[in-house]
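For reference, the chains in residue letters:
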Amino acid sequence: CDEDIDNDGVVNALDLCGNTSTGALVDANGCEIFLEYDNFEIMATGVSCLGGENGSIAITAEMELEYTAVLADANGNLVGSLVFSKDLVFRNLHPDYYSLCISVIGQASYERCFTLNIAEPKPLNVNVAMVASKDQMDL
């Protein structure tokens, strides 16, 4: 039987971090997780019109800390790098795929990255037909 010396729920043979503190939240390797996996709520909102640049990415952190959010477009061009503690919104985004990486100031080993899509609506197609007897137009 393998032992679990630090009582983190991961047996010593598989534990890459053999001295985690009592009660700490750990990953499958037995290493302490600094933040819960679902600490961030992220919402990408597409543009309202074809060719528009009014998309946005909103971030809300459950735990208030000093975070840095770095947003880059699909070509790797930096869109913005901002510090926030609870809520942050990147605005005026054009349709594209974006890479968002969030780190915690003072915690060099922590970084979470996401790929997000700012979509645009499909083109609107309209067929027009005149109804001559009623002076009416069907769209």
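Note that the coordinates shown come from a computational prediction; the quantities given were computed from them, not determined experimentally.

Evaluation of the coordinates by the stated rule reveals two aromatic pairs. Ring geometry for Phe 40 against Tyr 67: centres 5.1 Å apart, planes inclined by 70°, an arrangement best described as edge-to-face. Taken together, the residues span a long stretch of sequence, with Phe 40 in strand S1 (residues 40-45) and Tyr 67 in strand S3 (residues 67-73) at a distance of 27 residues. Assigned by exposure class, Phe 40 and Tyr 67 land together as buried. Counting every residue linked through ring pairs, the aromatic cluster contains Phe 40, Tyr 67 and Phe 84.

Another aspect to go through is the sheet that holds S1. The strand order across the open sheet built from three strands is S1-S2-S5, with neighbouring strands paired in antiparallel fashion. Looking at the sheet topology across the chains shown, the edges are occupied by S1 and strand S5 (87-93). Averaged over neighbouring strand pairs, the angle between their axes works out to 10° when direction is ignored. As paired strands, S1 and strand S2 (residues 55-61) are joined by six bridges and run antiparallel to one another. Bridge pairing links Ala 44 to Ile 57 in S2.

With that settled, the discussion passes to the sheet that holds strand S6 (residues 96-104). The strand order across the open sheet built from four strands is S4-S3-S6-S7, with neighbouring strands paired in antiparallel fashion. The open sheet has two edge strands with one neighbour each: strand S4 (78-84) and strand S7 (107-118). On average, each strand axis in the sheet is tilted by 15° relative to the strand beside it, whichever way the strands run. Relative to S7, S6 runs antiparallel, the two sharing nine bridges. Counterpart to Leu 100 in the pairing with S7 is Phe 114.

Moving on, we come to the environment of Asn 92. As for its placement among the helices and strands, Asn 92 is situated in strand S5. Here Asn 92 is in contact with Glu 53, Asn 54 and Gly 55, once residues within four sequence places are set aside.

About the thresholds
Residues numbered from 1 in each chain as written. Predicted model: local features only at pLDDT ≥ 70, side-chain atom pairs only at ≥ 80, totals over all residues. Heavy atoms only, no water. Phe/Tyr/Trp six-rings, centres within 6.5 Å; stacked < 30°, edge-to-face > 60°. Helix = DSSP H or I, 4+ residues; strand = E, 2+ residues; numbered from the N terminus. Buried < 20%, exposed > 50% of the residue type's maximum accessible area, 1.4 Å probe, protein only. Pairing = 2+ DSSP bridges. Axes fitted to C-alpha atoms, helices over the stretch in contact; angles between N-to-C directions. Contact = heavy atoms within 4.5 Å.

So far we have only geometry, and geometry alone does not tell us how the molecule works.
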